[in-house]
Amino acid sequence: MRDCPRQMRGGRIHGVGRVAAFASVALVSALCASSALGAINSSGGFTYVTKHRQVSEPPTQISRAFEAPCPRGTHVYGGGTYNDQGFGDVVVGHSAPLDGGDKDRRPDDGWKAVLNYLDAMDVYTYAICAAPEPRYERTEVEADGAVISWSLPCDKPGEWPISGGTTGSSQVVEIDSYPSPVARQWEFAVYNASLTSPTLKATAVCAKLDVTLAQHSVDVDPDEQESAFATCDGKRRIVGGGQFVPNDNGHIFGAASRPIGTGTPGTRGWESWVDNYGDFMQGFTAYGVCAKPLKH
Ligand SMILES: [Ca+2]
């Protein structure tokens, strides 16, 4: 299922100190990408955009944004991020819908991931787009603690939560981003490594689609990286997804979270990778939002 080898590495800085180290270095603008390749595939009325970037060594910054724009005339439904690094090398700061600077001020133009990282790496950014415009439910959240969680509703008639994400601070990293299996809402949790209370912008994508939820739970050992893979049934298309860490105590962080099977027919679903910086084995769940095709 992996298209890039991931090395298992361990024994580096632990937990909170690790993320604080990631977050405390200022963002420096630099051109360190040596390539920007992309692929666009359409299936069932959805367009799947993949952007590949190689970030060269040595890194001149440790927090960097990567974007996958939706094609003209389409709006973003979901998206994700992937890299070829192992345990302790990458933390997903943000992975969220993107407002690309058009005049509508809606985050409908693609997907943006902000990664905190240490080494040269290959990065893949994904956007899932379609012509009918979904609704973008938004709020601002004050991150006034270490672990902050909230949710956004997708409860208008016929709506379901498709995806979600936050932006707004290089000192905040993503823990949870997933559709509630019981309520029509998107669930968020972040870890705030700063001593301040940054204001975050949160978006949930709500759409009138026929969706089912796929999920897969696994355990991850201390100082290890593990993946969970939620598979869509039958001919349903993956449109969004993310991960849920039941014990979100600030020791497990996302390393990658992305749609799978977007380029070829066959298996479709959502893959999430997490790093466990804590001292105990913990579980987490990958969720995939699987939609009936808009057209055949
Ligand atoms: Ca826009």
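Residues numbered from 1 in each chain as written. Predicted model: local features only at pLDDT ≥ 70, side-chain atom pairs only at ≥ 80, totals over all residues.

**Some words on the overall build of the chain**
Here's step 1: Scanning the chain from terminus to terminus reveals one helix and 19 strands.
Here's step 2: Within the chain, the fraction of its 296 residues that count as buried is 51%.
Here's step 3: Sequence separation of at least 24 residues holds for 76% of the intrachain contacts in the chain that already meet a minimum separation of 6. (Helix = DSSP H or I, 4+ residues; strand = E, 2+ residues; numbered from the N terminus. Buried ≥ 20, exposed ≤ 12 C-beta atoms within 10 Å, placed from the backbone. Contact = placed C-beta atoms within 7 Å.)

**Describing the sheet that holds strand S13 (residues 199-207)**
Two strands in a sheet stick together by hydrogen bonds in their backbones, pointing the same way (parallel) or opposite ways (antiparallel).
Here's step 1: Read from one edge of the open sheet, three strands run S8-S13-S10, paired in antiparallel fashion. Edge positions in the open sheet fall to strand S8 (135-142) and strand S10 (160-167), since each of these has one partner strand only. Taking the axes of each pair of neighbouring strands and ignoring which way they run, one obtains an average angle of 20° across the sheet.
Here's step 2: Pairing of S10 with S13 involves seven bridges; the strand directions are antiparallel. Paired with threonine 166 across the two strands is alanine 202, which belongs to S13. (Pairing = 2+ DSSP bridges. Axes fitted to C-alpha atoms, helices over the stretch in contact; angles between N-to-C directions.)

**Observations regarding the pairing of strand S12 (residues 185-192)**
Every other side chain in a regular strand lies on the same face of the sheet, so the side chains alternate between the two faces.
Here's step 1: Burial within S12 is extensive, with seven of its eight residues counted as buried.
Here's step 2: Bridging between strand S9 (residues 147-153) and S12 involves seven bridges; their strand directions are antiparallel. Opposite proline 153, over in S12, you have glutamine 185 as the bridge partner.
Here's step 3: For strand S11 (residues 172-179) and S12, the ladder comprises seven bridges, and the chain directions are antiparallel.

**Here we look at the sheet that holds strand S6 (residues 110-117)**
Here's step 1: The antiparallel open sheet is built from three strands, whose spatial order is S3-S6-S5. Edge positions in the sheet fall to strand S3 (63-69) and strand S5 (90-98), since each of these pairs with one other strand and no more. On average, adjacent strands in this sheet sit at an angle of 20° to one another, irrespective of strand direction.

**Focus on unusual backbone geometry**
Here's step 1: Although it is not a glycine, arginine 105 adopts a positive phi angle of roughly 60°.
Here's step 2: Inspection of the secondary structure puts arginine 105 in the loop between S5 and S6.
Here's step 3: Looking at arginine 105, the number of C-beta atoms within 10 Å reads 8, which means it is exposed.
Here's step 4: Positive phi outside glycine occurs at aspartate 223, with the angle close to 60°.
Here's step 5: Mapped onto the fold, aspartate 223 is located in the loop between strand S14 (211-220) and strand S15 (224-231).

**Here we look at the nonpolar core**
Here's step 1: With 74 residues, the main nonpolar core has Tyr77, Ala127, Ile162, Val190 and Val239 as its most contacted residues.
Here's step 2: If one sorts the elements of this core by residue count, strand S7 (residues 121-130) sits on top with seven residues. (Core = buried A, V, L, I, M, F, W, Y, C linked by C-beta atoms within 7 Å.)

**What about the environment of glutamate 140?**
Here's step 1: Take glutamate 140: it is sitting in strand S8.
Here's step 2: Taking the number of C-beta atoms within 10 Å as the measure of exposure, glutamate 140 has 10 and is therefore exposed.
Here's step 3: Along the sequence, glutamate 140 and threonine 167 sit 27 residues apart, while their C-alpha atoms lie 9.8 Å from each other.

**Overview of the environment of serine 42**
Here's step 1: Along the chain, serine 42 falls in strand S1 (residues 33-43).
Here's step 2: Counting along the chain gives 88 residues from serine 42 to alanine 130, while the straight-line C-alpha distance between them is 9.3 Å.

**Concerning the confidence of the model for the chain**
Here's step 1: Taken over all residues, the pLDDT of the chain has a mean of 86, while the share at 70 or more is 84%.
Here's step 2: Overall, residues 1-35 carries pLDDT values under 50, and its contacts beyond four positions in sequence, including any with other chains, amount to 65 contacts. (pLDDT = per-residue confidence, 0-100.)

**A closer look at the environment of tyrosine 82**
Here's step 1: Considering the arrangement of structural elements, one finds tyrosine 82 in strand S4 (residues 75-83).
Here's step 2: Considered as a pair, tyrosine 82 and alanine 113 are 31 residues apart in the sequence and their alpha carbons are 9.4 Å apart.
Here's step 3: Apart from the residues within four sequence positions on either side, tyrosine 82 is in contact with Tyr124, Ala256 and Arg258.

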